[in-house]
There are 2 protein chains.
Amino acid sequence: MTTKYLLSDERIPRHWYNIIPDLPTAPAPVLHPGTHQPVKPEDLAPLFPLALIEQEMSLQREVPIPEEVRAALARWRPSPLFRAHALEKALGTRSHIYYKYEGVSPAGSHKPNTAVAQAYYNAKAGVRRLATETGAGQWGSSIAFAGQLFGLAVTVYMVKVSYEQKPYRRSLMRTWGAEVFASPSEQTNTGRGILAKDPGSNGSLGIAISEAVEDAATHEDTKYALGSVLNHVCMHQTVIGLEAQEQMKLAGEYPDVVIGCHGGGSNFAGIAFPFARDKMHGKPVRLLAAEPTSCPTLTRGVYAFDYGDTAKMSPVVKMHTLGHDFMPPGIHAGGLRYHGASPLVSQLLHAGLMEAVAFPQRACFEAAVLFARTEGILPAPESSHAIKAALEEARKADEEGRERVILFNLSGHGHFDLGAYDQYLAGRLEDYEYPREAIERSMAGLPKVDIA
Amino acid sequence: MTTKYLLSDERIPRHWYNIIPDLPTAPAPVLHPGTHQPVKPEDLAPLFPLALIEQEMSLQREVPIPEEVRAALARWRPSPLFRAHALEKALGTRSHIYYKYEGVSPAGSHKPNTAVAQAYYNAKAGVRRLATETGAGQWGSSIAFAGQLFGLAVTVYMVKVSYEQKPYRRSLMRTWGAEVFASPSEQTNTGRGILAKDPGSNGSLGIAISEAVEDAATHEDTKYALGSVLNHVCMHQTVIGLEAQEQMKLAGEYPDVVIGCHGGGSNFAGIAFPFARDKMHGKPVRLLAAEPTSCPTLTRGVYAFDYGDTAKMSPVVKMHTLGHDFMPPGIHAGGLRYHGASPLVSQLLHAGLMEAVAFPQRACFEAAVLFARTEGILPAPESSHAIKAALEEARKADEEGRERVILFNLSGHGHFDLGAYDQYLAGRLEDYEYPREAIERSMAGLPKVDIA
């Protein structure tokens, strides 16, 4: 039977781990999207409160977590860590498989870890409202929840095709009191401009980001919130790995490999960065990111300066990228459909401190169903990539006649993704070829930047 | 901020609490549906394994929980108990509101507490397959999950209208490996007979029960499983109240009132029976069941012998009932749409040891939205009745200038009920009048039974 490793509330971390001072080289500068010159903190002030801008650039290794944020996290943290005995038995593997489970949060994924921190710092800075974008709704619902906790109004620009096809996450955001607009919307110049040209536009994450940024930049009392990619977002997620380190001690083991699925990077950073610190201090731990074959940012992208969004309104950062106008196929793991990657994760990959692997979606759903039938938890389609990677690690270890200790992060539950399971079980789920041509075309449009 | 009271895995109860020996009078006999004579244990043998039949009739106050069942429960138990500071603040109440949260189970409600016990005893008795019915799918998904854990095949007869309108819970059951048929089905004589007369039949819980019972009775390797009403089911749920008693000690308080929503009775029994024991030993605790106005079994029903199902195939039991052919309006709290009640809960009510109250669904959704916005958890529509009752208790206490300690069971999350929230938020949710005529008509059909 499955074993559960719990920590008491007092063991919620008191510091976030900031990986920047431990990296072999300093991060590349962040460039202004218009001038391609390094941005200064004050350039970011219309979008973020000072405390978050400071965290974005901080060189402090351990950043204290305010007590109010710890109290908010205590609603669901520390999250459990499980030894997957039932899954191991079904596989017949000699390896030991552990998973950290972030689906216990109110919004059902790891996203609220940073949402409550962002809401706290904004509320403390006197901000009245947060504007953000969301695709399928994981991030939008997390910030709606967190905004409620700290008394902030929340406006979500939700990609129109998801707004119409996924009404349930929209309802969840509204239940938590958020204002939700289908993007492109009539609320912003960007939205109105697009609707004037194309009234039937389905929207895109790029457009929704542009709308949220414009909303924040044009309203004194409003700031912008982003759910992944940025340094401070990755740092807020390190509570996952820090807790997992304590829990692995309770289990009396140390992982040979630490696995997280990878979209923008915050989930992978959350589980992996604290172990990366160990690795940089000599521990022989492997760090492995799992991504979709159809959006292979880490395995097939280049390490280059690129825009964070399609509309070229966001800063230019050095990261693994498939090109800012690459539009990934419509896989069900909506949270992994991003052309870029966190600059910090990209740097770790470039430095050879981690590995990445890509899987097609049917193989991931197959792994997810096996996981549900053995461990009992229904995984989010995003998380299924980490499960698939863990199964592959166990299989390879068995083939080599070795025993491996495998830890992965189960970043969320799939309660809002049963339509995808339905399609998988009915044999109607498609795999997508590696979209070589679309990626090559997109990569040709990378900005020319003169900074090393 | 909300405070959480957790117990370690070792504190999962080692015994279930069986209320029967503590009740002021012995339970009324259970009657054969054909002869109206008391059933003997052997009459139940085609449907249930011996261990569960013994539990159904046990006079042992504390029934040991097998270690295998405790290990299965440990996947999500002990469940957390919270002090609802944020909700209290929003209400401005002097009262202290606590809630036990059962939505942390893999299927998202309290139902797996008995599902794993039933699956364990069936597997131990050499049963290969379980047959059961489900309405909206809460019970069906719980038994699908539990069957997987203990290596049992599971067949679910799902009321056709739900099968078609709620595909997601169907997918959840299939993901957990269950076979799911729309009921009426071609699998049973009952189903075929109904389809012959009415090929477009939408089905009903009564028909689905009949199909599952027939399936079990006509297959040597198959038994039947029921998710509520029965004594052993109520007993399995007492882990909720037993844990809550320990957690209230941690909080340093004892409840003035203990609240659970009520459909068939297992959820209410789970939170309330351990406190009923205290009450019968002199503690001045009130026990309060909350039910829908549209299906007011406890507040408007009679205490009489009646059939458990519409088709009159199940035993006749003495219970609070609205009549076995009463068909409640289509409220979203599908788990509360049952004409009868657990005989044990009915006996408690008849003995004046508990109270019951009824609420219309819009008021319950209003309470649920307030709860989601303060406590962060999205409640199941069933659980929203308990929330509404807790709010009313707090309001009345404030009016009386008193401070009350209120404990309720949040029996599940509403992740599969966002369509209902959508309707509520859009102002499209209907309330139903008290269905007086339908109830009176149905009550006229109660069986005439000559046993006191």
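Since this is a predicted model, take the numbers as computed values, not measurements.

Student: What is the right way to read the packing of helix H5 (residues 112-124) of chain B against helix H6 (residues 138-149) of chain B from this model?
Tutor: Relative orientation and spacing of two packed helices are given, respectively, by the angle between their axes and the distance between those axes. Residue and element names in this part refer to chain B. For the pair H5 and H6, the least separation of the axes is 8 Å and the interaxial angle reads 40°. It follows from the interaxial angle that H5 and H6 lie oblique. As H5 packs across H6, the resulting crossing turns out to be right-handed. Of the residues in H6, those touching H5 at Pro112, Thr114, Ala115, Val116, Gln118 and Ala119 are Trp139, Ser142, Ile143, Phe145, Ala146, Gly147 and Leu149.

Student: So what exactly am I meant to see when it comes to the pairing of strand S10 (residues 257-261) of chain A here?
Tutor: Strand residues, when the strand is regular, have side chains that alternate between the two faces of the sheet. Residues and elements named next belong to chain A. Counting buried positions over the five residues of S10 gives five, a clear majority of the element. What you see with S10 is no split at all: Val257, Ile259 and Cys261 on one side and Val258 and Gly260 on the other are buried throughout. One ladder, built from five bridges, connects S10 with strand S11 (residues 286-292); its direction is parallel. When the bridges of S11 are listed, Val257 appears paired with Arg286. Note on the crossover from S10 through helix H13 (residues 266-280) to S11: the handedness is right-handed.

Student: Looking at this model, I keep getting lost on the relation of the copies chain A and chain B. Mind explaining?
Tutor: Taken together, a rotation about one axis and a shift along it account for how the two chain copies relate. Mapping chain A onto chain B is achieved by rotating through 180° and translating by 0.0 Å along the same axis, at an RMSD of 0.0 Å. Taken together, the rotation and translation describe the operation of a two-fold axis. Closest to the rotation axis within chain A is the C-alpha of A:His415, separated from it by 3.2 Å. A symmetric contact is evident, with 100% of the interface residues of chain A recurring at the interface of chain B.

Student: I would appreciate a short explanation of the pattern of salt bridges in the present structure.
Tutor: When charged atoms on two side chains of opposite charge get close, those side chains can pair. Tallied over the full model, the rule gives 48 salt bridges over all chains. Among the ionic pairs, A:Glu62 bridges to A:Arg277, the shortest N-O distance being 3.5 Å. Here A:Glu62, found in strand S3 (residues 62-64), pairs with A:Arg277, found in helix H13; they are 215 residues apart in sequence, far enough to count as distant. Across the salt bridge formed by B:Arg61 and B:Asp22, the nearest N and O atoms sit 2.7 Å from each other. Here B:Arg61 is found in the loop between helix H2 (50-57) and strand S3 (62-64), whereas its partner B:Asp22 is found in the loop between strand S2 (15-17) and helix H1 (41-44), with 39 residues between them in sequence. One salt-bridge network, in which partners are shared between bridges, spans A:Arg286, A:Glu355, A:Glu393, A:Lys396, A:Glu400, A:Arg402 and A:Arg404.

Student: Please clarify how the environment of A:Leu226 should be interpreted in this entry.
Tutor: Residue and element names in this part refer to chain A. Relative to the helices and strands, Leu226 resides in the loop between strand S9 (222-224) and helix H11 (231-236). For Leu226, a relative accessible area of 17% puts it in the buried group. Every residue in contact with Leu226, bar those within four places of it in the chain, is listed here: Gln118, Glu133, Trp139 and Val233.

Student: Just to check I follow, could you spell out the packing of aromatic side chains for this structure?
Tutor: The geometry of an aromatic ring pair is captured by two quantities: the separation of the ring centres and the angle between the planes. A complete count under the given rule lists 31 aromatic pairs over all chains for this structure. Note on B:Trp76 and B:Phe145: the rings are 5.9 Å apart at their centroids and 65° apart in plane angle, and the pair reads as edge-to-face. Of the two residues, B:Trp76 sits in the loop between helix H3 (67-73) and strand S4 (81-83) while B:Phe145 sits in helix H6, which places them 69 residues apart along the sequence. Between B:Phe365 and B:Tyr421 the ring centres are 5.2 Å apart and the planes differ by 80°, which places this aromatic pair in the edge-to-face class. Of this pair, B:Phe365 sits in helix H16 (residues 361-375) while B:Tyr421 sits in helix H18 (residues 418-425); the two residues are 56 residues apart in sequence, bridging distant segments of the chain. As far as burial versus exposure is concerned, B:Phe365 and B:Tyr421 are alike and both buried. An aromatic cluster is built from A:Trp16, A:Tyr120, A:Tyr121 and A:Phe150, whose rings are joined through pairwise contacts.

Student: What exactly am I supposed to notice about the interface of chain A and chain B here?
Tutor: Counting residues at the interface gives 44 residues for chain A and 44 residues for chain B. Buried area between chain A and chain B, summed over both chains or domains, comes out near 3,600 Å², and the portion from carbon and sulfur atoms is 57%. Taken together, the links from chain A to chain B amount to four salt bridges. Where chain A touches chain B, the interface holds 21 residue pairs in polar contact (both at pLDDT 80 or more).

Student: Whenever I open this one, the packing of helix H12 (residues 239-251) of chain A against H13(A) confuses me. Can you help?
Tutor: All names here are of chain A. In the contact formed by H12 and H13, the axes pass within 5 Å of each other and the chain directions differ by 60°. One way to sum up the angle between H12 and H13 is to call them oblique. The handedness of the crossing between H12 and H13 comes out as right-handed. The segment H12 lies against H13, with Ile240, Gly241, Leu242, Ala244 and Gln245 engaging Gly270, Ile271, Pro274, Phe275, Arg277 and Asp278. When grouped by side-chain class, the residues that make up the contact of H12 with H13 number six nonpolar, three polar and two charged.

Student: Is there a simple way to think about the sheet that holds S11(A) in this case?
Tutor: The strands making up a sheet associate through hydrogen bonds between their backbones, and the pairing can be parallel or antiparallel. Residues and elements named next belong to chain A. With mixed pairing, the seven strands of this open sheet are ordered in space as S1-S4-S5-S15-S10-S11-S14. Two strands bound the open sheet, and with one partner strand each, they are strand S1 (3-5) and strand S14 (355-359). The sheet shows a mean angle of 25° between the axes of neighbouring strands, taken without regard to direction. Relative to strand S5 (residues 96-101), strand S4 (residues 81-83) runs antiparallel, the two being bridged by three bridges. Along S5, the bridge assignment pairs Phe82 with Tyr99. Its contacts with the sheet place H12 against S1, S4, S5 and strand S15 (405-410), and it is angled at close to 140° to S5.

Student: What exactly am I supposed to notice about the sheet that holds strand S15 (residues 405-410) of chain B here?
Tutor: Residues and elements named next belong to chain B. Overall, mixed pairing links the seven strands, which are arranged S1-S4-S5-S15-S10-S11-S14 in an open sheet. With partners counted over all chains shown, the strands left at the sheet margins are strand S1 (3-5) and strand S14 (355-359), one partner each. Averaged over all pairs of adjacent strands, the angle between strand axes in this sheet comes to 25°, irrespective of strand direction. Judged from the three bridges that link them, strand S10 (residues 257-261) and S15 form a sheet pairing that is parallel.

Student: Teacher, can you tell me more about the confidence of the model for chain A here?
Tutor: Regions with low pLDDT carry predicted coordinates that are not meant to be interpreted in detail. The predicted model of chain A averages 95 in pLDDT, with 100% of residues at 70 or higher. Confidence estimates for the predicted assembly give a pTM of 0.96 and an ipTM of 0.94.

Student: How should the nonpolar core be read in this particular structure?
Tutor: For soluble globular proteins, nonpolar side chains are generally found buried alongside one another. Judged by nonpolar contacts, the single largest core of 85 residues is most densely connected at A:Trp16, A:Val116, A:Phe273, A:Leu287, A:Leu348, A:Met354 and A:Leu407. Looking at this core element by element, the count peaks at seven residues for H13(A). Formed by 84 residues, the second largest nonpolar core is a distinct cluster that contains A:Leu429, B:Tyr17, B:Leu130 and B:Val239.

What counts, and where the lines are drawn
- Residues numbered from 1 in each chain as written.
- Chains lettered and ligands numbered in written order.
- Predicted model: local features only at pLDDT ≥ 70, side-chain atom pairs only at ≥ 80, totals over all residues.
- Heavy atoms only, no water.
- Axes fitted to C-alpha atoms, helices over the stretch in contact; angles between N-to-C directions.
- Helix = DSSP H or I, 4+ residues; strand = E, 2+ residues; numbered from the N terminus.
- Parallel < 35°, antiparallel > 145°, perpendicular 65-115°, else oblique.
- Left-handed = near helix turned anticlockwise from the far one by under 90°.
- Contact = heavy atoms within 4.5 Å.
- Buried < 20%, exposed > 50% of the residue type's maximum accessible area, 1.4 Å probe, protein only.
- Pairing = 2+ DSSP bridges.
- Right-handed = clockwise from strand over helix to strand, strands pointing away.
- Least-squares fit on C-alpha atoms with pLDDT ≥ 70 in both.
- Salt bridge = Lys/Arg side-chain N within 4 Å of Asp/Glu carboxyl O.
- Phe/Tyr/Trp six-rings, centres within 6.5 Å; stacked < 30°, edge-to-face > 60°.
- Buried area = accessible area lost by both parts, 1.4 Å probe.
- Polar contact = N/O pair within 3.5 Å; in protein donor to acceptor, adjacent residues only side chain to side chain.
- Nonpolar A, V, L, I, M, F, W, Y, C, P; charged D, E, K, R; others polar.
- pLDDT = per-residue confidence, 0-100.
- Core = buried A, V, L, I, M, F, W, Y, C linked by side-chain atoms within 4.5 Å.

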